[in-house]
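Commentary on secondary and tertiary structure
The primary structure of each chain is shown beneath.
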Amino acid sequence: MKKRALLSVSDKSGILEFAQALESLGYELLSTGGTMKHLKDNGVAVTAVDEVTGFPEIMEGRVKTLNPMIHGGLLAKQDDPLHQAQMEEHGIRPIDIVCVNLYPFKETISKPDVSVEDAIENIDIGGPAMLRASAKNHVYLTVIVDAVDYDQVLAELKAEGKTTLETRRRLAAKVFRHTAAYDALISGYLTDLAGEEFPEQVTYTYELKQPLRYGENPHQKAAFYSRPLGSDFSIAYAEQLHGKELSYNNIQDANAALQIVKEFDAPAAVAVKHMNPCGVGTGETISEAFNKAYEADPVSIFGGIVALNREVDAATAEQLSGIFLEIVIAPSFTPEAIELLTAKKNIRLLTIPFDQNKKDQWNTVSVEGGLLMQEPDAFGFADADIRVATDREPTEEEWEALRLGWAVVKHVKSNAIVVSDSHMTLGVGAGQMNRVGAANIALTQAGERAKGAALASDAFFPMDDTVEAAAQAGITAIIQPGGSVKDEDSIKKANEYGIAMVFTGVRHFKH
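First, a word on what this report is: a plain description of the structure on this page. Model, not experiment: these values are computed from the prediction.

It is worth spelling out the overall build of the protein at this point. Helices and strands together make up the secondary structure of the protein, namely 18 helices and 21 strands. The C-alpha radius of gyration computed for the protein amounts to 30 Å, which surpasses the reference 24 Å derived for 511 residues by more than 25%, pointing to a less compact arrangement than a globule. Taken along the three principal axes of its C-alpha coordinates, the protein extends 95 × 50 × 45 Å. Summed over its atoms, the accessible surface of the protein is roughly 24900 Å², and 51% of this surface lies on carbon and sulfur atoms. Distance between charge centroids for the protein: 6 Å, based on 48 positive and 72 negative side chains.

Moving on: helix 5 (residues 81-90). Taking burial as the measure, the 10 residues of helix 5 include 1 buried ones, a minor fraction of the element. Where helix 5 begins, the side chain of D80 points an oxygen toward the backbone nitrogen of L82, at a separation of 2.8 Å. Taken from the residues just after helix 5, G91 is the one with a positive phi, measuring 70°.

Turning next to the pattern of salt bridges. Tallying each qualifying case throughout the model produces 15 salt bridges. The partner of E28 in a salt bridge is R4, and the shortest N-O contact between them spans 3.3 Å. With E28 in strand 2 (residues 28-31) and R4 in strand 1 (residues 4-8), this residue pair connects regions lying 24 residues apart in the sequence. The class for E28 is buried, based on a relative accessible area of 17%. Here D458 and R435 are joined by a salt bridge, their closest N and O atoms 2.6 Å apart. With D458 in the loop between strand 19 (454-457) and helix 17 (465-473) and R435 in helix 16 (residues 435-446), the pair connects residues that are 23 residues apart, well separated along the chain. Shared partners join several salt bridges into a network, and the residues in it are D146, D149, R170 and K174.

It is worth spelling out the packing of helix 8 (residues 126-136) against helix 10 (residues 165-194) at this point. Between helix 8 and helix 10, the shortest axis-to-axis distance is 9 Å and the interhelical angle comes to 150°. Between helix 8 and helix 10, the angle is such that the two are roughly antiparallel. Relative to helix 10, the crossing made by helix 8 is left-handed. Between helix 8 and helix 10, the contacting residues are P128, L131, R132, A135 and K136 on the first element and A172, V175, F176, H178, T179 and Y182 on the second.

Considered for burial, the residues of helix 17 that qualify are T466, V467, A469, A470, A471 and A473. Buried residues along helix 17 sit in contact with helix 16, strand 19, strand 20 (477-480), helix 18 (487-497) and strand 21 (500-503).

Here we take up a nonpolar patch on the surface. Residues V116, I120, L190 and L193 make up a contiguous nonpolar surface patch of about 290 Å² in total accessible area. Only helix 7 (116-121) and helix 10 provide two or more residues apiece to the nonpolar patch. Residue placement: L190 occurs in helix 10.

Strand pairing within a sheet occurs via backbone hydrogen bonds; the two strands may be parallel or antiparallel. Within the open sheet, the 6 strands sit side by side as 16-21-20-19-17-18. Their pairing is mixed. Unpaired on one side and paired on the other, strand 16 (387-388) and strand 18 (425-429) mark the two borders of the sheet. Of the pairings in the sheet, the one linking strand 17 (residues 417-420) to strand 19 comprises 4 bridges and is antiparallel in character. For S420, the partnering residue across the bridge sits in strand 19 and is A454. Of the strands in this sheet, strand 17, strand 18 and strand 19 touch helix 16, which is tilted by about 150° from strand 18.

Moving on, we come to the pairing of strand 12 (residues 325-330). Here strand 12 lies mainly inside the structure; 5 of its 6 residues are buried. Relative to strand 12, strand 11 (residues 304-308) runs parallel, the two sharing 4 bridges. Bridge pairing in strand 12 places V306 opposite V328. Considered for its hand, the β-α-β crossover made up of strand 11, helix 13 (residues 314-321) and strand 12 is right-handed. Bridge count for strand 12 against strand 13 (residues 348-351) is 4 bridges, and the pairing is parallel. Opposite V328, over in strand 13, you have L349 as the bridge partner. You can see the chain leave strand 12, run along helix 14 (residues 335-341) and come back into strand 13, and the turn it takes is right-handed.

About the criteria used
Here the residue numbers are simple positions, counted from 1 along each chain's written sequence. Given that this is a predicted model, residues contribute local features only at a pLDDT of at least 70 and side-chain atom pairs are listed and counted only at 80 or more, while totals for whole chains, interfaces and linings are drawn from all residues. The basis for every side-chain value is the complete set of heavy atoms in the structure, and neither hydrogens nor water enter the calculation. Secondary structure elements are taken from DSSP: a helix is a run of H or I of four residues or more, a strand is a run of E of two residues or more, and numbering for both begins at the N terminus. We compute the radius of gyration over the C-alpha atoms and compare it with the globule rule, which gives 2.2 Å times the number of residues raised to the power 0.38. The accessible surface values rely on the Shrake-Rupley method and a 1.4 Å probe; as for residues, cover is taken only from the protein chains in view. Here the positive residues are Lys and Arg and the negative ones are Asp and Glu; neither His nor the chain ends is included. A single reference atom marks each charge: NZ on Lys, CZ on Arg, CG on Asp, CD on Glu. Think of it in three bands: with a 1.4 Å probe and only protein chains considered, a residue is buried below 20% of the maximum accessible area for its type, exposed above 50%, and partly exposed in between. Each polar contact in these results corresponds to two N or O atoms within 3.5 Å; when the atoms are within protein, one needs to be able to donate a hydrogen and the other to accept it, and residues that are neighboring in sequence are counted only if both atoms are side-chain atoms. Every case where a carboxyl oxygen of Asp or Glu lies within 4 Å of a side-chain nitrogen of Lys or Arg is listed as a salt bridge. Under this scheme, a helix contributes an axis fitted over its contacting stretch, all axes are lines through C-alpha atoms, and angles between N-to-C directions fall in the 0 to 180 degree range. For classification purposes, angles smaller than 35 degrees are called roughly parallel, those larger than 145 roughly antiparallel, those between 65 and 115 roughly perpendicular, and all remaining angles oblique. What makes a crossing left-handed is the near helix being turned counterclockwise from the far one by less than a right angle; a clockwise turn instead makes it right-handed. Any two residues whose heavy atoms approach within 4.5 Å at even a single point are treated as in contact. For patches, a residue must show more than 30% relative accessible area and have no salt bridge; joins then use 9 Å for like charges and 5 Å for nonpolar side chains, namely Val, Leu, Ile, Met, Phe, Trp and Tyr. For two strands to count as paired, DSSP must find a minimum of two bridges between them. With the strands pointing away from the viewer, any crossover whose connection runs clockwise from the first strand over the helix to the second is right-handed.

Okay, structure coming up:
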């Protein structure tokens, strides 16, 4: 009795050659719909599934393989006397190879104008059922869901007449990963459609983008996965024009830089080290903006990551090439800029479509034994209920400095303080265990430039010591959430020194 292979694929890459090879090895081929037509049109002998089931495809193809004549052949234990007797009784023949891939649900819902009806119609039912049945019974049959596995299966069939259990088990595991990812996309789509924020279960799926040389440290293994249908405006979907592959820390830092530069509409440049900004600048041109970011901290920018929200021209490339940078991220680079920058073989150049929808996805952070989820901190200056708490209001220039500082401080590890003028950061205090400690770091870094500058805090002042430190450094305007039981002490201190202090009512902790 001939061995049987069932072929039913949406992605027909390589299926013709695979079918021809199976045919030459003596397999009877079963198929359905478009796959069957494709094979027959190319001279391959194919038996229609409805000839096996004795039942026609119905309901526009929704029901065709969901039949005991098919699933009995997939699930039978081929060395079990009871199973063999029941197969013989009902005229069921075993199926030895199953090659199935699924309706293109991901591709369908990625279309901007997709209808709900079209999305639902592209939820495959029979395909996953066949895959799961075959993978469960992989001791006896070979199941293939990915065209990249055709060659290995054929090589083993030609060499030994069958595949190894090791191969069948590897392919079965791949099937269950595939169907799990497929169902995760469907559940996510329908959950969003139903408007549920925190369902009783949540399942995410990610696709391998690249293995990494190592993780945070050389002794840690790591890989980079991207989320299907994720925002194009992200590091996961960046195009790398030049340089060696990204490292784990590069990806973290590049993502941090991108999140900060998203805050600005005017030409802006952001330099990041260890996921904290070391310099942020704005200007009339991107060259001026980068110059400001560099001047903010010319020491820490060395070996850093720079993100710019305008095309990099020759003038900016000249500035960038003058220092050692790990990565430069921009919407594009002029040919002259690429020529200048690619002369440095180790620098990575990434492009990201800044004109794409900057949709924010929920943040997920793993903890031992669990996962934390939260919506992104997209709260901006325009959303805040701004209140001037002191006798003096900020000047127009101070308002600009406060806006810049407040846009940056929410991206700095808490406790966080940012000192800035209207065009650049002057000092950044990050990740300290007390607020005045963060302020002292930022003010020390700013030095003489703190005189007449603004100070932004990611959370309220528990006492007036931060205001005192700011005043002593020459700060003239402060922005903070307010809400401390000792707010009046800070307000009194600010009034004493003539500092304009603004309350936003919103905290921006970043752990």
